[in-house]
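Fold and contact review
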Amino acid sequence: MFRRGTFVREQCTPVSDDQLQPNGIDLTVSDVFEQMDAGHVGRDGKEIGDRRSRTPQSLTENEAPTYYLEPGGYIVRYGETVTIPDGHVGFVYPRSTLMRNSCMLNTAVWDAGYEGKGEGLLQVHHDIELEQGARIAQLVLARANHEETYDGTYQGENVDTK
Ligand SMILES: O=c1ccn([C@H]2C[C@H](O)[C@@H](COP(=O)(O)OP(=O)(O)OP(=O)(O)O)O2)c(=O)[nH]1
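These notes cover the structure that comes with them. (Residues numbered from 1 in each chain as written. Predicted model: local features only at pLDDT ≥ 70, side-chain atom pairs only at ≥ 80, totals over all residues. Heavy atoms only, no water.)

Right, let's talk about the pattern of salt bridges for a bit. Under the criterion given, the structure shown has seven salt bridges. For R135, the salt bridge goes to D26, with nearest N and O atoms at 2.5 Å. Of this pair, R135 sits in strand β14 (residues 135-143) while D26 is found in strand β2 (residues 25-35), placing the two residues 109 residues apart along the sequence. For D26, a relative accessible area of 3% gives the class buried. Salt-bridge contacts for R51 lead to E119; the nearest nitrogen and oxygen are separated by 2.8 Å. Placement of the pair is R51 in strand β5 (residues 51-53) and E119 in strand β12 (residues 119-124), with a sequence separation of 68 residues. Judged by relative accessible area, which is 29%, R51 ranks as partly exposed. Owing to a relative accessible area of 24%, E119 belongs among the partly exposed residues under this scheme. In this structure, a network of salt bridges that share partners links the residues E34, R52, R54 and E70. (Salt bridge = Lys/Arg side-chain N within 4 Å of Asp/Glu carboxyl O. Helix = DSSP H or I, 4+ residues; strand = E, 2+ residues; numbered from the N terminus. Buried < 20%, exposed > 50% of the residue type's maximum accessible area, 1.4 Å probe, protein only.)

Take a look at the structure:
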């Protein structure tokens, strides 16, 4: 069973009232990266290929820093530190407005015990403008049985940033 938004809120920081949804919490875009080099997924090890940070732009004096993205695949980093509590599993879905604008977020499983500012794959099928800090995704939590908790290489990632 999926938990209510107010429960999910307790597992995320920082969050404001406008991020609270009935069934989850909206996550914001903090950083956008373009992958430059090949990564490696081996039978034992793994490696993330080199990336280049996209710089948000303000085209007018009053405009908030905005990512102007052309079609392609991007890695986005969310602005909230998320903790997946024991007895739960997390899933992230795109905000529907993103999808209705021909963009999609692909995400993997968020394990019990994970803590960090996670990342997702943003597919851009038509030019889009994303303000840095805008809500682009929604985290939901479901109750789940598990033996152990997450203790992998991404544990604690990006928690000291911003
Ligand atoms: O879309 C996602 C899905 C998961 N995570 C976080 C939470 C999850 O607990 C962690 C590790 O995910 P996973 O176990 O799938 O990664 P892995 O490639 O198997 O790494 P490891 O070997 O550390 O388990 O990354 C994200 O940031 N984005």
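Now that the structure has been shown, we can carry on.
Moving on, we get to the site of the ligand. What surrounds the ligand is a group of 14 residues, the closest being K46, A108, D111, E119 and Y150. At a separation of 2.6 Å, an oxygen atom of the ligand approaches a polar side-chain atom of Y150. T153 places a main-chain nitrogen or oxygen 3.2 Å from an oxygen atom of the ligand. For the ligand, the protein covers 72% of the area, taking 590 Å² as the surface of the free molecule. Partitioned by chemical class, the residues of the shell around the ligand number six nonpolar, four polar and four charged. (Near = heavy atom within 4 Å. Polar contact = N/O pair within 3.5 Å; in protein donor to acceptor, adjacent residues only side chain to side chain. Areas by Shrake-Rupley, 256 points an atom, 1.4 Å probe, with all protein chains shown as cover. Nonpolar A, V, L, I, M, F, W, Y, C, P; charged D, E, K, R; others polar.)

Take unusual backbone geometry next. Negative phi values dominate among residues other than glycine, just as trans dominates among peptide bonds. Geometrically, the link from T13 to P14 is a cis peptide bond, its omega value of -5 degrees lying close to zero. In the Ramachandran plot, S102 falls in the positive-phi region, its phi being about 70 degrees despite a non-glycine side chain. With respect to the helices and strands, the residue S102 is situated in the loop between α2 (96-100) and β10 (103-106). Looking at S102, the relative accessible area reads 36%, which means it is partly exposed. For N158, which is not glycine, the phi dihedral falls at a positive 60 degrees. With respect to the helices and strands, N158 occurs in the segment after β14.

On the accessibility criterion, N158 (19% relative accessible area) is buried. Within the structure, N158 has its side chain in polar contact with the side chain of R77 (distance 3.5 Å). Once residues within four sequence positions are removed from consideration, N158 is found in contact with R77, K117 and E119. (Contact = heavy atoms within 4.5 Å.)

It is worth spelling out the pairing of β10 at this point. Residues C103 and L105 point to one face of β10 and are all buried, whereas M104 and N106, pointing to the other face, are not buried. Bridge count for β10 against β12 is four bridges, and the pairing is antiparallel. If you follow M104 over to β12, its bridge partner there is Q123. (Pairing = 2+ DSSP bridges.)

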